[in-house]
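# Structure assessment
What follows is the residue order along each chain.
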Amino acid sequence: PRTPALTFTSQGAAPPWGVPLVSGFAAYPIGATTGDARMVAVAYRRDSDGLEGGVVDTRIVYGNAVAISAIPTIPGHTASVYVTTPSGEEMLLAAEGVIGSVNIYPDAITGVPLRTLNKFLPPGSGPLAYLLGRILLADGNTLWATAPYQYELVDAIGGYKMLESEITFLASVSNGVFIGTLTGVFFMSGPFDEAQLTRVSTHRAPKQAPQPIDMAEVLKGDDPGVGVLFLTDGGVCVGMAGGQVINLTNKIFEFPKAESVSVMVCFQDGMNQFVGVTSHPGSPTGSARFGDFVGAEIVRFRGV
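So, here's what we can say about the structure. (Residues numbered from 1 in each chain as written. Predicted model: local features only at pLDDT ≥ 70, side-chain atom pairs only at ≥ 80, totals over all residues. Heavy atoms only, no water.)

### Observations regarding the sheet that holds strand 21 (residues 245-247)
- Strand order in this open sheet of four strands is 18-19-20-21, and the pairing throughout is antiparallel. Strands at the two margins of the open sheet, each flanked by one partner only, are strand 18 (211-214) and strand 21. Across this sheet, the average inter-strand angle for adjacent strands is 35°, counted without regard to direction.
- Note that strand 18 and strand 19 (residues 226-232) share four bridges and pair antiparallel. Residue pairing in the sheet places Asp-214 in a bridge with Val-226 of strand 19. (Pairing = 2+ DSSP bridges. Helix = DSSP H or I, 4+ residues; strand = E, 2+ residues; numbered from the N terminus. Axes fitted to C-alpha atoms, helices over the stretch in contact; angles between N-to-C directions.)

In structure tokens form, the structure reads like this:
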């Protein structure tokens, strides 16, 4: 089962992110069972803002009138029922505000279509990033994208991309996102449905939270925008808009093969500093502290 991510209200509360799926319901004909087939779907609607959840479960019923029952009750939510016209293909709203059960007759069907078919709650087990009206979510080696400007729904059919290994970080810049994995770093730009992944580093990236940085401090030029700092096995790197990557520590010193890293960017003694603490495997295990400033100190290093 997927664990929903969390969002925060203006009062600081953290309710579940996304409207639950209907876990099951019963649908059967009222009266004669002859006639054209109708497809039936049920979706929860959140009372607080009217947001409707996804639909991944449907029923087929033969008959002009349909009885819907056994809809699980969830506090703060009611159900909307959608039914196709006889032998129709598009499911249309037939009842809303339903709690538990309802009977649907042909004259109740409206012209409002179901827009959340094959959509469900976003997975929330990995890094997040924002790109062009969507939230990107990593779940193992799968990169999910929420529906455009609908941050609490993902498309089960076309709303994801598979990568070759586990995703370790996501970092957005103005026109794309850097994707760190256990086999390299990729850059993706443009609309998610059409976006292509370009490998920008062959070095493995440990799990981390990349930090934004003013590119004027890196390139010593006129305000070239904001980039992101991240760590790979090849060194401390900065990613720029367009997917360009600069290795700031290449050929300066060797980095440990880290499983994960905690990083921060700070300004101290007139210098911009990137400071990280790595955790790496081995026997015995060890950690190293490093930075990209003069006098960086290696506390302990047990490389592979």
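### Things to note about the packing of aromatic side chains
- According to the stated counting rule, one finds six aromatic pairs in the structure shown.
- On the basis of an interplanar angle of 50° and a centroid distance of 5.1 Å, the ring pair of Trp-144 and Tyr-160 is categorised as tilted. On the criterion of sequence distance, the pair formed by Trp-144 in strand 11 (residues 142-147) and Tyr-160 in strand 13 (residues 160-162) is long-range, its members being 16 residues apart.
- Residues Phe-169 and Phe-230 carry aromatic rings whose centres are separated by 5.1 Å and whose planes lie at 35° to one another, so their mutual orientation is tilted. Highlighted residues: Phe-169 in strand 14 (residues 167-173) and Phe-230 in strand 19, separated in sequence by 61 residues. (Phe/Tyr/Trp six-rings, centres within 6.5 Å; stacked < 30°, edge-to-face > 60°.)

### Regarding the pairing of strand 6 (residues 91-98)
- Judged by how many residues are buried, strand 6 sits mostly within the fold: six of eight residues are covered.
- Relative to strand 6, strand 5 (residues 77-84) runs antiparallel, the two being bridged by five bridges. The residue of strand 6 that forms the bridge with Tyr-82 is Leu-93.
- Counted between consecutive antiparallel strands, the loop separating strand 5 from strand 6 contains six residues, among which Ser-87 sits at a positive phi close to 60°. (Buried < 20%, exposed > 50% of the residue type's maximum accessible area, 1.4 Å probe, protein only.)

### Digging into the pattern of salt bridges
- Using the criterion set out here, one finds nine salt bridges in the structure.
- The partner of Glu-96 in a salt bridge is Arg-45, and the shortest N-O contact between them spans 2.6 Å. Pair noted here: Glu-96 is in strand 6 and Arg-45 is in strand 2 (residues 37-46), with a separation of 51 residues, a long-range link.
- You can call Arg-45 partly exposed: its relative accessible area is 22%.
- Arg-134 is the salt-bridge partner of Asp-193, the closest N and O atoms lying 3.5 Å from each other. With Asp-193 in the loop between strand 16 (184-189) and strand 17 (197-201) and Arg-134 in strand 10 (residues 134-139), the pair connects residues that are 59 residues apart, well separated along the chain.
- For Asp-193, a relative accessible area of 55% translates into the label exposed.
- The exposure class assigned to Arg-134 is buried, which follows from its relative accessible area of 12%. (Salt bridge = Lys/Arg side-chain N within 4 Å of Asp/Glu carboxyl O.)

### A short note on unusual backbone geometry
- Unlike most non-glycine residues, Ala-70 shows phi in positive territory, near 60°.
- Ala-70 sits in the exposed class, given a relative accessible area of 54%.
- One non-glycine residue, Tyr-149, lies in positive phi territory at about 60°.
- Residue classification places Tyr-149 among the exposed positions, given a relative accessible area of 61%.

### Things to note about the side chain of Thr-116
- As for its position among the elements, Thr-116 is in the loop between strand 7 (102-104) and strand 8 (119-120).
- Overall, the relative accessible area of 6% leaves Thr-116 in the buried class.
- Apart from residues lying up to four places away in sequence, Thr-116 is in contact with Glu-52, Gly-53, Gly-54, Val-55 and Leu-153. (Contact = heavy atoms within 4.5 Å.)

### Here's the deal with the side chain of Thr-78
- In this structure, Thr-78 sits in strand 5.
- Not counting chain neighbours up to four residues away, the residues in contact with Thr-78 comprise Ala-43, Tyr-44, Arg-45, Asp-47, Gly-97, Val-98 and Ile-99.

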